[in-house]
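What follows is each chain in one-letter form.
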Amino acid sequence: PVPSAWHRVSLGEPRDLFALPSARRPPPPPRWPVECEVIKETIEHIEWVPPEPEPFCQPMGHEWPPTTLSEEQGAVVYHLSPGSREQAAPMGAPPVSPSPHRHPSLLPPAVPPGSCFTHARVGGAPGPLSSPAAPLEGPRDTTLLFESRFESGNLQKAVKVGPYEYVLTLRPDLYTAKHTQWFYFRVQNTRRDPLYRFTIANLAKPKSLYGEGMRPLLYSQRDAQSRGVGWRRVGTDVRYYRGGGAEPAAFRLSWTVRFPHDGDTCFFAHSYPYTYSDLQRYLRALAGDPVCSQYCAVRALCRSLAGNTVYLLTITSPGGAAAKRVVVLSARAHPGESGGSWAMRGFLDFLLGAHPDAQLLRRLFVFKVVPMLNPDGVVVGNSRCSLAGRDPNRAYGMALQGSFPGVWHLRAMVERVLAEREVVLYCDFHGHSRKNNVFMYGCDGGGAGTGLRLHQRVFPLMLSKNAPDKFSFPSCKFKVQKSKAGTGRVVMWRMGVSNSYTMEVAFGGSTLGRRNSHFTVEDLKSLGYHLCDTLLDFCDPHPAKFQQCLSEVDALLRQRLGREPGSGWSDVSPSDLES
């Protein structure tokens, strides 16, 4: 079942609960489904860029690593199961075994997949918190203390299978039994010398960049406080492989690591976290900037199912708005793709700054920006879905305002804009788990005139020239597949936005130029600047750059398909152009 208009605020709630960002008061705290327990501590991380590139590690193949014990023989040291307020067994207690009829990766999720969202509140579940972590037996007990009940956190269960070895289970997206990819959790009671092994046992995708040298992220609280060092890539013997049994979510990620300090508080994550509260803090800073507020208006596009505000930024210089074309950008339809938020941050930092190109962009265009389309999914640590239990980036073609309010209101806003003026570009920021580099998906429906079919390839080609060490034009695809009919990119294109794209940012990094290393936060933010730069090239009133790129696209495709110069493209199917 899909929830109806539960995102509407009841009359009894205080009006300032959904107030827009203000420099004079803190932003409203996020609202959580009432099934979710939330710890009171605020989790924040410093921004940091490593002084040297972080290279990919040597891929270890797809074999199982050596293990000490099977999961069934280990001791459960963390188990998040809010429905039953279940506690983990203390160390030394008899091991907790799963039912013999069920694969260990399919233990009951924190919220039963058959249920659906009903209502939300600040702070999540009322009442005292349960104790999902096993208590330590004394100062010599080296068991790690796990925690994930914070914003964007995801870890459901940890089983200790050796002195320094743990098998982990991720929580599926709420109200589903699927989509296990994003992880973000805390560990305490670390020891500096031992080599630890962590194995996530229930990942959903058969292929991952972890199988090609990508490494997980670690954050040490002590290093952040004493040395100003933030998130960094760690892990040796990183393996991605099929687990045992025939269950669907049975792929495993395993890595070994040494912690930098005794008694530290550390975090692991799939990608650099960017939470709903991070966005609100950023918007609050904008509200307090008297210069920015002259050309940036922050409004509520709508409220999410849980009642969190979906923000809409309108950015343009005062005056002359009637003649301006429009650019529409969005991010975080898929909450686990946090790199999209960092690219969006870089875009906003540049566009709202004092650089002459930023001033020119604000004079030329009206920018409509939705920086976080699915705040509920981000808050609860989902990988792909909203609280409707479905993928919002397949819902643009549905008239389901009550189920997918962010998507519905974004589409309605673009329809209103198109009735009055041209939308020169739509771009939705995403993350990609199987291919490195940055690339775009565009829309070639076939049948259009020769020029138009190639025009959609010009913007991505320009972007590849402006970011040659990150953006791969050969990785771009333009075929409109049936399975993608409900995506923002395809629906906006069918509505009349001819330059409509999904920008995919790899979770890993770049293999281009002389690079063979992970993306940093700075790399991700730079994509926003490169998008601005490319927009100016693309819309340059002097057509030389556009024509040069159009000729280059034409020559590239002719070379690939062995076609004679001068012959058109209208008789070539999108599949053939793609091959």
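Residues numbered from 1 in each chain as written. Predicted model: local features only at pLDDT ≥ 70, side-chain atom pairs only at ≥ 80, totals over all residues. Heavy atoms only, no water.

Draft legend 1. Local environment of the overall build of the protein. When helices and strands are tallied, the protein shows 12 helices and 23 strands. A total of 579 residues make up the protein; the buried ones form 60% of that total. Within the protein, contacts between residues at least 6 apart in sequence are counted, and of these 77% link residues at least 24 apart. Taken as a whole, the protein presents about 23,100 Å² of accessible surface, with 54% of it coming from carbon and sulfur. (Helix = DSSP H or I, 4+ residues; strand = E, 2+ residues; numbered from the N terminus. Buried < 20%, exposed > 50% of the residue type's maximum accessible area, 1.4 Å probe, protein only. Contact = heavy atoms within 4.5 Å. Areas by Shrake-Rupley, 256 points an atom, 1.4 Å probe, with all protein chains shown as cover.)

Draft legend 2. The confidence of the model for the protein, seen in detail. Mean pLDDT over the protein: 88, with 88% of residues reaching 70 or higher. The model gives residues 82-109 a pLDDT under 50, and that stretch makes 64 contacts with residues more than four places away or in other chains. (pLDDT = per-residue confidence, 0-100.)

Draft legend 3. Region of the structure containing the nonpolar core. Of all hydrophobic cores here, the largest spans 154 residues; its most connected members are Phe146, Phe198, Phe268 and Leu410. Ranked by residues supplied to this core, first place goes to helix H10 (residues 521-538) with 8 residues. Two domains share this core, each providing at least three of its residues, namely domain 1 (71-79 + 127-269) and domain 2 (276-578). Here Leu410 is in contact with Leu301, Val328, Ser330, Val370, Leu373, Tyr396, Tyr426 and Met492, once residues within four sequence places are set aside. Val76, Val159, Val167 and Ala201 belong to the second largest nonpolar core, which has 5 residues in total. (Core = buried A, V, L, I, M, F, W, Y, C linked by side-chain atoms within 4.5 Å. Domains from an automatic or database assignment.)

Draft legend 4. Expanded view of the packing of aromatic side chains. According to the stated counting rule, one finds 32 aromatic pairs in the structure shown. Relative to Phe259, the ring of Phe198 lies with its centre 6.3 Å away and its plane at 80°, an arrangement referred to as edge-to-face. A residue pair is termed long-range when its members are at least 10 positions apart, and Phe198 in strand S8 (residues 196-203) and Phe259 in the loop between strand S12 (251-257) and strand S13 (266-269) qualify at 61 residues. Judged by its relative accessible area of 0%, Phe198 falls in the buried class. (Phe/Tyr/Trp six-rings, centres within 6.5 Å; stacked < 30°, edge-to-face > 60°.)

Draft legend 5. Expanded view of the layout of surface pockets. There is about 470 Å³ of room inside the largest pocket. Residue contributions to the lining of the largest pocket peak at 3 residues, all from helix H2 (residues 276-287). By residue class, the composition of the lining of the largest pocket is 12 nonpolar, 5 polar and 4 charged. Both domains that furnish three or more residues to the lining of the largest pocket are identified here as domain 1 (71-79 + 127-269) and domain 2 (276-578). (1 Å grid on protein atoms, 1.4 Å probe; cavity = no way out; pocket = protein on both sides within 12 Å on 5 of 7 lines; lining within 4 Å. Points joined across faces, edges and corners; volume = space filled by probe spheres on them. Nonpolar A, V, L, I, M, F, W, Y, C, P; charged D, E, K, R; others polar.)

Draft legend 6. Here's a closer look at the environment of Tyr210. Checked against the element boundaries, Tyr210 lands in the loop between S8 and strand S9 (217-220). Separated by 28 residues in the primary sequence, Tyr210 and Val238 place their C-alpha atoms 7.0 Å from one another. With residues up to four places along the chain from it excluded, the contact list for Tyr210 reads Phe183, Arg215, Pro216, Val238, Tyr240, Leu253 and His270. Within polar-contact distance, the side chain of Tyr210 engages the side chain of His270 at 2.9 Å. (Polar contact = N/O pair within 3.5 Å; in protein donor to acceptor, adjacent residues only side chain to side chain.)

Draft legend 7. Broad picture of the UniProt feature "active site" (unreviewed entry) in the protein. Here the UniProt-annotated "active site" (unreviewed entry) positions come out as Glu504. Discounting residues that sit within four places of it in the chain, Glu504 has contacts with His430, Gly431, His432, Asn437, Val438, Phe439 and Tyr441. (UniProt positions renumbered as here; feature names shortened; annotations may be inferred.)

Draft legend 8. Layout of the pairing of strand S6 (residues 165-169). Burial runs high along S6: 5 of the 5 residues are buried. Hairpin remark: strand S5 (residues 157-162) followed by S6, antiparallel, with 2 residues in the connecting loop. Direction of pairing for S6 relative to S8: parallel, over a ladder of 4 bridges. Note on S8: the bridge partner recorded for Glu165 is Arg197. (Pairing = 2+ DSSP bridges.)

Draft legend 9. Spatial organisation of the packing of helix H8 (residues 458-466) against H10. Relative to each other, H8 and H10 sit at 125°, their axes nearing to 9 Å. On the basis of their axis angle, the class for H8 and H10 is oblique. Judged by the twist between their axes, the crossing of H8 over H10 is right-handed. Two secondary-structure elements touch here, H8 through Val458, Phe459, Met462, Leu463 and Asn466 and H10 through His530, Leu531, Asp533, Thr534, Leu535, Asp537 and Phe538. Here the contact of H8 with H10 is composed, by residue class, of 7 nonpolar, 3 polar and 2 charged. (Axes fitted to C-alpha atoms, helices over the stretch in contact; angles between N-to-C directions. Parallel < 35°, antiparallel > 145°, perpendicular 65-115°, else oblique. Left-handed = near helix turned anticlockwise from the far one by under 90°.)

Draft legend 10. Here's a closer look at the side chain of Ser383. With respect to the helices, strands and loops of the structure, Ser383 is situated in the loop between helix H5 (375-380) and helix H6 (405-418). We classify Ser383 as buried; its relative accessible area is 7%. At 3.2 Å, the side chain of Ser383 forms a polar contact with the backbone nitrogen of Gln181.

Draft legend 11. Representation of the pattern of salt bridges in the model. Inspection of the entire model under this criterion finds 23 salt bridges. Ionic pairing is found between Glu47 and Lys525, a salt bridge with its closest N-O pair at 3.0 Å. Of this pair, Glu47 sits in the loop between strand S1 (31-33) and strand S2 (75-79) while Lys525 sits in helix H10; the two residues are 478 residues apart in sequence, bridging distant segments of the chain. In this structure Glu47 comes out as partly exposed when scored by relative accessible area, which is 42%. Lys525 sits in the buried class, given a relative accessible area of 12%. For Arg325, the salt bridge goes to Glu422, with nearest N and O atoms at 3.7 Å. Here Glu422 lies in the loop between H6 and strand S18 (423-432) and Arg325 lies in strand S16 (residues 325-331), a separation of 97 residues in the sequence. The exposure class assigned to Arg325 is partly exposed, which follows from its relative accessible area of 30%. A residue is classified by how much of its surface remains accessible, and Glu422, at 41% relative accessible area, is partly exposed. Overlapping salt bridges bring together Glu47, Arg345, Asp349 and Lys525 as one network. (Salt bridge = Lys/Arg side-chain N within 4 Å of Asp/Glu carboxyl O.)

Draft legend 12. Representation of the pairing of S2. Along S2, 5 of the 5 residues are buried, which leaves the element largely enclosed by surrounding structure. As defined by bridge partners, S2 adjoins S5 across 4 bridges and the pair is classed as antiparallel. Along S5, the bridge assignment pairs His79 with Lys157.

Draft legend 13. Representation of the sheet that holds strand S7 (residues 184-188) within the structure. Strand order in the open sheet formed by 5 strands is S4-S7-S13-S9-S10, and the pairing between neighbours is antiparallel. Each edge of the open sheet is held by one strand with a lone partner, namely strand S4 (145-147) and strand S10 (232-233). Direction of pairing for S7 relative to S13: antiparallel, over a ladder of 4 bridges. Residue pairing for S13: Arg186 is matched across the bridge by Phe267.

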